[in-house]
Amino acid sequence: MIMRDRPSGLHLFFVIRGSILSSIWKVLLINVIVAIAVTVGHGALFNFKITLTPIPFTLIGLALAIFLGFRNGAAYDRYWEGRKLWGRLVSDSQNLARQCQSLIQHPLLAGQDVSDIRVRMIYRAIAYAHLLRQRVRDICEPGEVRGLLAEQEWRQMQQATNAPNFLMQQMGADLGQCIRDGKIDPCLAPAVDATLSSMVAAGIGCERIKNTPLPFSYTLLLHRTAYLYCFLLPFGLVDTIGFMTPLVVAIVAYTFFGLDALGDEIEEPFGLSDNDLPLDALCRTIEINLREASGDTALPPPLVPVNYRLT
């Protein structure tokens, strides 16, 4: 995610980091070259004059802008829903740590003995966030959470097809054991179980976003229409505005290609692009909060933007 103040004045036109221009500059350059060639040739292609008026481009451009707006709105809904799900995970993890401390009867020491069931559950919640991030980003780094789990549990996790779900199963088993051992009042256990269920629901919601893209045919139609519109536009403008054609085409193409590319980028909010969600930073926030709740004093530092980018 790009974290920077909104530029103003002339600086507005020279911002590259975080701009969609880095994704579309090649096709935009080709489009401008075509517009220059059409302008020099006065709309002729291989000695054949192509006569187009601005009227069809006005009609198609209006429809294209509306459909791009709808598509980008749907893409942003996915982006915002992903952010809300991760915000919910941050909240649920803090609630879980508080519930483990206040409802489960077991001495919680700063030494972080993993035999302490409360420490085990809190550290599993940290591991759950890291493993969910890896899962939605198609990354497999089980060693990242090795220090958060008991050795045997870590080895079992590596054999699981769904590592985050495996940890939640272990959390549920420990909660049940607490009830049987009398370490938690049976009337209070449902509150902890509801928090675990909410964390699972947040993870499933993230996987739903990742595994259910916008319909391919809809996206393909917009891609094709945007490209055809921008590359044919010079033929419709050259007889009207003459040498200004490349400039106008560049502005229109930047808008349409940019909206098209921006929709592609935010449609998948869990990736590693500049404008995707900062899952590393969110996981670090969860880890800091939960380690502190468990009495750990050796806390990792929060992540900060590097060159305006927060991962």
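Placed above this text is the structure.
Calculation rules
- Residues numbered from 1 in each chain as written.
- Predicted model: local features only at pLDDT ≥ 70, side-chain atom pairs only at ≥ 80, totals over all residues.
- Heavy atoms only, no water.
- Helix = DSSP H or I, 4+ residues; strand = E, 2+ residues; numbered from the N terminus.
- Rg over C-alpha atoms; globule rule 2.2 N^0.38 Å.
- Contact = heavy atoms within 4.5 Å.
- Lys, Arg positive; Asp, Glu negative; His and termini not counted.
- Charge placed at Lys NZ, Arg CZ, Asp CG, Glu CD.
- Phe/Tyr/Trp six-rings, centres within 6.5 Å; stacked < 30°, edge-to-face > 60°.
- Buried < 20%, exposed > 50% of the residue type's maximum accessible area, 1.4 Å probe, protein only.
- Axes fitted to C-alpha atoms, helices over the stretch in contact; angles between N-to-C directions.
- Parallel < 35°, antiparallel > 145°, perpendicular 65-115°, else oblique.
- Nonpolar A, V, L, I, M, F, W, Y, C, P; charged D, E, K, R; others polar.
- Expected span 1.5 Å × (residues − 1).
- Polar contact = N/O pair within 3.5 Å; in protein donor to acceptor, adjacent residues only side chain to side chain.

Peer 1: Got a minute to help me understand the overall build of the protein in this structure?
Peer 2: Looking only at helices and strands, the protein features 9 helices and 2 strands. Relative to the compact-globule value of 19 Å for 311 residues, the protein shows a C-alpha radius of gyration of 27 Å, a clear excess of over 25%. Summarising its shape, the C-alpha atoms of the protein cover approximately 90 × 35 × 30 Å along the three principal directions. For the protein, the share of sequence-separated contacts (at least 6 apart) that also reach a separation of at least 24 residues comes to 73%. Treating the 27 positive side-chain charges of the protein as one cloud and the 28 negative ones as another, the clouds have centres 2 Å apart.

Peer 1: What's the story with the packing of aromatic side chains in this structure? I'm lost.
Peer 2: When we look at a pair of aromatic rings, we describe it by the centre distance and by the angle of the planes. Considering all chains together, one arrives at 6 aromatic pairs under this definition. Relative to Phe 257, the ring of Phe 231 has its centre 6.4 Å away and its plane inclined at 50°; by these criteria the two rings are tilted. Of the two residues, Phe 231 is situated in helix H7 (residues 216-241) and Phe 257 in helix H8 (residues 245-267); the sequence distance between them amounts to 26 residues. With relative accessibility at 22%, the residue Phe 231 sits in the partly exposed group. Taken together, Phe 57, Tyr 229 and Phe 256 form an aromatic cluster joined through their ring pairs.

Peer 1: Could you clarify how one ought to interpret unusual backbone geometry in this entry?
Peer 2: Trans peptide bonds make up the majority, and among non-glycine residues the majority have a negative phi. With a phi close to 55°, Asp 138 is a non-glycine residue in the positive phi region. Relative to the helices and strands, Asp 138 resides in the loop between helix H3 (117-136) and helix H4 (151-159). Owing to a relative accessible area of 63%, Asp 138 belongs among the exposed residues under this scheme.

Peer 1: Looking at this model, I keep getting lost on the packing of helix H5 (residues 163-181) against helix H6 (residues 189-211). Mind explaining?
Peer 2: Pairs of packed helices are described in terms of their axes, by the angle between the two and the distance that separates them. At a closest axis distance of 11 Å, the pairing of H5 and H6 adopts a crossing angle of 180°. With respect to H6, the axis of H5 lies roughly antiparallel. Contact with H5, carried on its side by Met 168, Met 171, Gly 172, Leu 175 and Ile 179, involves Ala 189, Val 192, Asp 193, Leu 196, Met 199 and Val 200 of H6 and no other residues of that element. Split into classes, the residues belonging to the contact of H5 with H6 amount to 9 nonpolar, 1 polar and 1 charged.

Peer 1: I tried to follow H5 on my own but got confused; where do I start?
Peer 2: Every α-helical turn comprises 3.6 residues, leaving residues that sit three or four positions apart pointing alike. Taking 1.5 Å of rise per residue, the 19 residues of H5 would be expected to cover 27 Å, and the 27 Å separating its terminal C-alpha atoms lies within 8% of that figure. Among the residues making up H5, those that are buried are Ala 163, Pro 164, Phe 166, Leu 167, Met 168, Met 171, Asp 174, Leu 175, Gly 176 and Cys 178. The inward-facing, buried residues of H5 contact helix H2 (54-103), H3, H4 and H6. Regarding H5, its N-cap is Asn 162, as a side-chain oxygen of that residue lies 3.2 Å from the backbone nitrogen of Asn 165 further along. The first or second residue beyond H5 is Gly 182, which carries a positive phi of 75°.

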